[in-house]
Every structure is written in C-alpha cells, then in structure tokens.
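Inside the fold
Chain by chain, the residues run as shown.
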Amino acid sequence: MTPSISGHTALAGVLGNPVHHSLSPAMHNAALEELGLDWVYLALPAAADQLEAVLRGLEAVDCRGLNVTLPHKQAVAGLCRTLSPLAERLGAVNTLVRHPQGGWRGDNTDVAGFLAPLRAGGRDWQGKRAVVLGCGGSARAVVAALVELGCGSIELAGRNAAKQEALLASCRCWAPQLEALTWQPQTTQPCQSTGLESALAEASLVVNTTPVGMASASDPGAASRCPLSPVELEALPPQSCVYDLIYTPRPTALLAAAAARGCEALDGLEMLVQQGAAALRQWSGIDAVPVAAMRAAALAQLSPPGTGP
Ligand SMILES: NC(=O)c1ccc[n+]([C@@H]2O[C@H](COP(=O)([O-])OP(=O)(O)OC[C@H]3O[C@@H](n4cnc5c(N)ncnc54)[C@H](OP(=O)(O)O)[C@@H]3O)[C@@H](O)[C@H]2O)c1
C-alpha cells in the first residue's frame, strides 16, 4: 500500500534510465510503511547528461537516499563527494547516502545482496571453484563477492576478449584467483562442445551475469534462452550451486535445467531484495528493516494477483 503523502513526507528513490520497470518502489514503500517512516520512494528517470543536476537538485530538496541502476552506476561514482572502499574498488555505485558536509557518499550494496542467499545456505565456499558467465557491470560485483567468500579459483567466461581482459586487469590486484576463460556461446549450435565444459565440471558455484534468459517485452523468445548449451549443462555437477542474477522469469531456463540435474538453483530476486535492505539500513539508521515485507512486495509486483496460472 502507498504511504499517505503530506507536506511532511520526505523523498527517496531510484535513478535510472529507463526505470519504470523497477521493483524498488514497491519494495521500499512496503518497508517504509512497515517502519512508520513518513517517506515516499519513487522511480526517478534521469538522462546521463542531467545526472549531476539531478543529484544537486535532490540534495537541495532533502532527499533521504537514492539507489542507482542502469546505466548510471559508473557515472554516479564520479559525482560523489566520497566513496566507500568497496564502491571505489568496483568503480560502481548503487546506493547514495547524504554526506554530512554536503553532496553524496556512494556505496555498493550489490555485493552484500549477492552474498546474502549464499551465506544463508550455510555452505562453506572457502577454496571452492567458481565460474562466472559474462564480464559486464554486475560481474565485477560478483567477483568481489566471491573473493569475500574465499573462493580459491574464479574463472571469468566472456565472449569479448577485450572486455574480459579489461575486467581482469582492473580486478587483478584484489582478486589474484581470477582467471580468464574463453567462451564462445554456442546456444544456437547445441551439439558443439566448448572450452567451458571442463571448468563447469569442476565448479562448485556457477553464476550467470549475462542477460541471456531474461524476459523481454520486445522479444518473446528471450525468456526461453539459456546461456549454456545442452552439452555445457550436462557438465554441471549435481552438487554444484547455479546462481542466475536474473529473476524474470522464475525460474529462468538455466535454473530450470540446473534444478533438473539436482543442482541448487538461486535466482536474483533475493539479491535485489537484500541490496535494497542494505541501502535502507544506511538511509534510515535502522538495522532491523522489514526484509520479509520487501520480498513480499517484490514478489507481488512480479506476479500481481490474478496473473498466476
Ligand atoms: N538481481 C539483481 O539484483 C541484479 C543486479 C544487477 C544485475 N542483474 C542482472 O544481471 C544481468 C547483467 O547485468 P549487467 O549490469 O552486468 O549487464 P552488462 O553490464 O550489460 O553485462 C552483461 C554481460 O553479459 C554479456 N552478454 C550479453 N549477451 C550475451 C550473450 N548472448 N552471450 C554471452 N554473453 C552475453 C555481455 O557481453 P558483451 O559485453 O560482449 O555484450 C556482458 O559481459 C541483467 O540481466 C541484470 O538484470 C540483476
């Protein structure tokens, strides 16, 4: 339910472009209501060339806190007064907190969000082997999280050698266990084998950070795609965990195939909820934020009543 808005109501929100599809307003407004905070959280579309002005304006109207989503996570990092050590290391900000001396402090709660379901699972990841598919913005946060978990080897599978090398170079000093894995996605030639298979066969954790398999209003076939070919899927050890950052559809084709092999399957919804909860803790100073209400609101937004089978 939307909190009632008065002349006292404070503002928080998420900056992105486009941002109308974001689940964050539903999640945060549910939490704000349960906490009894007289704030409202809005999706705030912002063009890249207006970001600096938008941040100044939101500070001027006493905005209590912001999330940042695509495509602004890197650009916003350059507009902050200070960065947390993690945001500085990643060069990406998803959470802005007001700085006491003016301006914004940038942080990155994607790492904490990604880690939460893995830690809740109670497995020991120390020394374990991980494979990461994709080398874009979220792959960097995933690598930082896997380093924090103590993974002994992290293999980064990318289809673009230049981007892969750039990511490796920028992580090398804090992720010495990171290695490049050549990957030529073969999803249209399912019978060919690829160099990824042997890495998958040894992996305890496989993370998909590509958008392959994400539902798309403009591409009806998108949701049925899988980033791994059937041969690669067969290499997955049944005792491994497969973690897909995507949460629409639920399950993704990758997770459905992994679960059919007996693997543990995690999707990105809990990451989304937990990164939001970590941001709200910082803005509000309240540690016990209502994570269950945030999760329920996100789920309701994904499958509104009457849309189920
Ligand atoms: N659950 C959450 O809270 C959460 C948080 C962040 C992101 N996500 C999800 O994670 C996904 C990636 O986000 P991002 O910000 O990292 O995106 P990004 O920066 O655009 O990176 C995407 C990566 O996937 C690769 N890729 C794209 N299409 C591919 C294909 N057909 N085959 C193989 N590789 C492909 C890209 O390679 P090229 O560079 O060669 O194109 C790039 O390395 C999105 O689906 C996003 O919704 C979820």
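See the structure above.
Starting from 1, residues in each chain are numbered consecutively following that chain's sequence as written. Only residues with pLDDT of at least 70 are given local features in this predicted model, and only at 80 or more are side-chain atom pairs given and counted; all residues enter the totals for whole chains, interfaces and linings. Excluded from the side-chain calculations are hydrogens and water; all other atoms, namely the structure's heavy atoms, are used.

Axes here mean lines fitted to C-alpha atoms, for a helix over just the part in contact, with angles spanning 0 to 180 degrees between N-to-C directions. Secondary structure elements follow DSSP: runs of H or I of four or more residues count as helices, runs of E of two or more count as strands, with numbering from the N terminus. Contact pair helix H1 (residues 24-35) / helix H12 (residues 291-302): the axes reach a minimum separation of 8 Å and the direction vectors enclose 140°. Pair H1 / H12 crosses with right-handed handedness. In contact with Ala26, Met27, His28, Ala30, Ala31 and Glu34 of H1, H12 contributes Ala293, Met294, Ala297, Ala298 and Gln301. Here the term charged refers only to Asp, Glu, Lys and Arg, the term nonpolar to Ala, Val, Leu, Ile, Met, Phe, Trp, Tyr, Cys and Pro, and the term polar to all other amino acids, Gly among them. When grouped by side-chain class, the residues that make up the contact of H1 with H12 number 8 nonpolar, 2 polar and 1 charged. What makes a crossing left-handed is the near helix being turned counterclockwise from the far one by less than a right angle; a clockwise turn instead makes it right-handed. Any pair of residues with heavy atoms lying within 4.5 Å of one another is described as a contacting pair.

The next point concerns the sheet that holds strand E1 (residues 10-16). Taken in spatial order, the 6 strands of this open sheet run E2-E1-E3-E5-E6-E4, and their pairing is mixed. For this open sheet the edge positions go to strand E2 (39-45) and strand E4 (82-83), each flanked by a neighbour on one side alone. When DSSP finds two or more bridges between two strands, those strands count as paired. Sheet topology note: the E4/strand E6 (residues 104-107) ladder contains 2 bridges and is parallel. Across the sheet, Leu83 pairs through a bridge with Gly106, a residue of E6. The sheet strands contacting helix H2 (residues 51-60) are E1, E2, strand E3 (65-68), strand E5 (95-98) and E6, and the helix crosses E1 at an angle near 170°.

Only buried residues count toward a nonpolar core. Its members are Ala, Val, Leu, Ile, Met, Phe, Trp, Tyr and Cys residues joined through side-chain atoms within 4.5 Å. Buried residues are those whose accessible area, probed at 1.4 Å on protein chains only, stays under 20% of the maximum for their type, while exposed residues exceed 50% and partly exposed ones sit between those limits. Within the largest apolar cluster, 34 residues are counted, with the highest numbers of intra-cluster contacts made by Phe114, Leu118, Leu146, Leu156, Leu178, Leu205 and Tyr243. Looking at this core, the elements with two or more residues in it are helix H5 (110-121), strand E7 (129-133), helix H6 (137-149), strand E8 (153-158), helix H7 (161-171), strand E10 (205-208) and strand E11 (241-244). No other element matches the 8 residues that H6 contributes to this core. Setting aside residues up to four positions removed in sequence, Leu205 forms contacts with Leu118, Trp125, Arg129, Ala130, Val131, Leu146, Cys241 and Tyr243. Listed in part, the 22 residues of the second largest apolar core include Val19, Leu272, Ala277 and Met294.

Turning next to the pattern of salt bridges. Throughout this description, the term salt bridge denotes a Lys or Arg side-chain nitrogen within 4 Å of a carboxyl oxygen of Asp or Glu. One pass over the full model with this rule turns up 12 salt bridges. The closest approach of N and O atoms between Asp62 and Arg98, which form a salt bridge, is 3.0 Å. Within this pair, whereas Asp62 is found in the loop between H2 and E3, its partner Arg98 is found in strand E5, the two being separated by 36 residues in sequence. Judged by its relative accessible area of 36%, Asp62 is partly exposed. Arg98 sits in the partly exposed class, given a relative accessible area of 28%. Glu165 is the salt-bridge partner of Arg172, the closest N and O atoms lying 3.5 Å from each other. Residue Arg172 is classed as partly exposed on the basis of its relative accessible area, which comes to 44%. By relative accessible area, which is 39% here, Glu165 ends up partly exposed. Residues participating in the shared-partner salt-bridge network are Asp62, Arg64 and Arg98.

Pro18 follows Asn17 through a cis peptide bond whose omega is 0°. In the segment running from Thr248 into Pro249, the intervening peptide bond is cis, with an omega of 0°. With respect to the helices and strands, Pro249 occurs in the loop between E11 and helix H10 (253-260). With phi around 65°, Asp62 is a residue other than glycine that occupies positive phi space.

Let us now look at the sheet that holds E11. Hydrogen bonds along the backbone pair up the strands of a sheet, which may run parallel or antiparallel. Sheet architecture is open: 6 strands sit in the order E9-E8-E7-E10-E11-E12, paired in parallel fashion. Two strands in the sheet have a free side with no partner beyond their single neighbour: strand E9 (178-182) and strand E12 (264-266). When the angles between neighbouring strand axes are averaged without regard to direction, this sheet yields 20°. Bridge count between E7 and E8: 5 bridges; the pairing is parallel.

Before going further, it helps to examine the pairing of E7. Of all 5 residues in E7, 4 are buried; the element is thus mostly enclosed. Note on handedness: a clockwise path from strand one over the helix to strand two, with the strands aimed away from the viewer, defines a right-handed crossover. Once you follow E7 into H6 and on to E8, the crossover reads as right-handed. Note: E7 against E10, 4 bridges, orientation parallel. The residue of E10 that forms the bridge with Ala130 is Leu205.

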